[in-house]
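Commentary on secondary and tertiary structure
In case you want the letters, here they are:
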Amino acid sequence: MMPEALSLAKAETAVRDMQNFKLTLCYDGTRYKGWQRQGNTGGTIQEKLETVLSRLLEQPVELAASGRTDAGVHARRQVCSFRANTLLEPDDLLRRLRSFLPEDIGAVSLEPAPPRFHARLSCVEKTYVYRIWNSEAPNVFERRYVLPVPESLDLPAMEKAAALLCGEHDFAAFCSVKNSKKSTLRHLRDISLEQIGAEIRLSFTGDGFLYNMVRILTGTLLEVGLGQRQPEEMGEILASRDRARAGATAPAKGLTLWDVRYEN
């Protein structure tokens, strides 16, 4: 067989032997520039993980994530997928991966995935949680994960506004991207408020989220809670499709990608 034919046969065999993996992570996003790799710029979670996995597997590895968290945003459960040709068992690869990751990125689990599984395209629903420290007393030990708001908040008004935002809407007014050709229609299934002592947690569950959407929703609901706008304004903001009509973008540190769900 000619050398060219041998190379082609080896390449085809390698493609057939590629395995699909599902990697579940958690991370503290404080010191990172977000999830997504940015060219030659370091300091992203994707770049860190791909570098480690590529060295361990001795081949280029490209990760797909369920969603791209912004700079400073955390993840309690982030799901990724990647393909690789390896004889390593998932448990062995997971153990090696953990030994090379920094302490603010945790590899929770690694398992074989069906060939058509894709962390983003197969995802059916995500939940983000925004944590607010509603007290004048400092919260020193969780200061990286909560937004301090010492003023009293009108929680019933916030819940009323949240209810008006649920459902399928055009959320262009709650997105930081201008003139995007992508659809801004999303289905926000639920927004819930939970008070745990001095902490207030806003949970957002939907089929997908636009750039900065959860942080802008949070900033708008906080303005309602502070009496700076009325709950009834939510419909007008949605209809306007105008980012200037919505509230401020809440800081990244209070936001955590809480859960990611797939069918079955």
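Preceding this section is the structure that the text describes.
The present account deals with the structure reproduced in this document. Everything numeric here is computed off the predicted structure, so don't read it as measured data.

1. Topic: the pattern of salt bridges
- The full count for this structure, using the stated rule, is 17 salt bridges.
- A salt bridge links Arg261 to Glu125; the nearest nitrogen and oxygen atoms lie 3.0 Å apart. Taken together, the residues span a long stretch of sequence, with Arg261 in strand β10 (residues 255-262) and Glu125 in strand β5 (residues 123-133) at a distance of 136 residues.
- For Arg261, a relative accessible area of 25% puts it in the partly exposed group.
- A salt bridge links Arg229 to Glu233, with the shortest nitrogen-to-oxygen separation between them at 3.3 Å.
- The partly exposed category is assigned to Glu233, whose relative accessible area is 26%.

2. With respect to the nonpolar core
- Membership of the largest hydrophobic core comes to 74 residues, with the highest contact counts inside it found for Phe82, Phe174 and Phe204.
- Among the elements that line this core, the one with the most residues is helix α5 (residues 213-225), at 7 residues.
- With sequence-adjacent residues up to four places away left out, Phe174 is seen in contact with Leu165, Tyr211, Asn212, Met213, Ile216, Leu217, Thr220, Ile237, Leu238 and Ala246.

3. Structural notes on the packing of helix α4 (residues 155-165) against α5
- Contact geometry for α4 and α5: axes closest at 8 Å, N-to-C directions at 140 degrees. By the angle class used here, α4 and α5 are oblique. Viewed along their axes, α4 and α5 form a crossing whose handedness is right-handed. Within the contact between the two elements, α4 uses Ala157, Met158, Ala161, Ala162 and Leu165 and α5 uses Leu217, Leu221, Leu222, Val224 and Gly225.
- Of the residues in the contact of α4 with α5, the class split is 9 nonpolar, 1 polar and no charged.

4. Description of the pairing of strand β1 (residues 19-27)
- Counting buried residues in β1 gives 7 out of 9 residues, a clear majority hidden from the surface.
- Relative to strand β4 (residues 105-112), β1 runs antiparallel, the two sharing 7 bridges. By the bridge assignment for β4, Leu23 is matched with Leu110.

Here is what the cut-offs are and how they apply
- Residues numbered from 1 in each chain as written.
- Predicted model: local features only at pLDDT ≥ 70, side-chain atom pairs only at ≥ 80, totals over all residues.
- Heavy atoms only, no water.
- Salt bridge = Lys/Arg side-chain N within 4 Å of Asp/Glu carboxyl O.
- Helix = DSSP H or I, 4+ residues; strand = E, 2+ residues; numbered from the N terminus.
- Buried < 20%, exposed > 50% of the residue type's maximum accessible area, 1.4 Å probe, protein only.
- Core = buried A, V, L, I, M, F, W, Y, C linked by side-chain atoms within 4.5 Å.
- Contact = heavy atoms within 4.5 Å.
- Axes fitted to C-alpha atoms, helices over the stretch in contact; angles between N-to-C directions.
- Parallel < 35°, antiparallel > 145°, perpendicular 65-115°, else oblique.
- Left-handed = near helix turned anticlockwise from the far one by under 90°.
- Nonpolar A, V, L, I, M, F, W, Y, C, P; charged D, E, K, R; others polar.
- Pairing = 2+ DSSP bridges.

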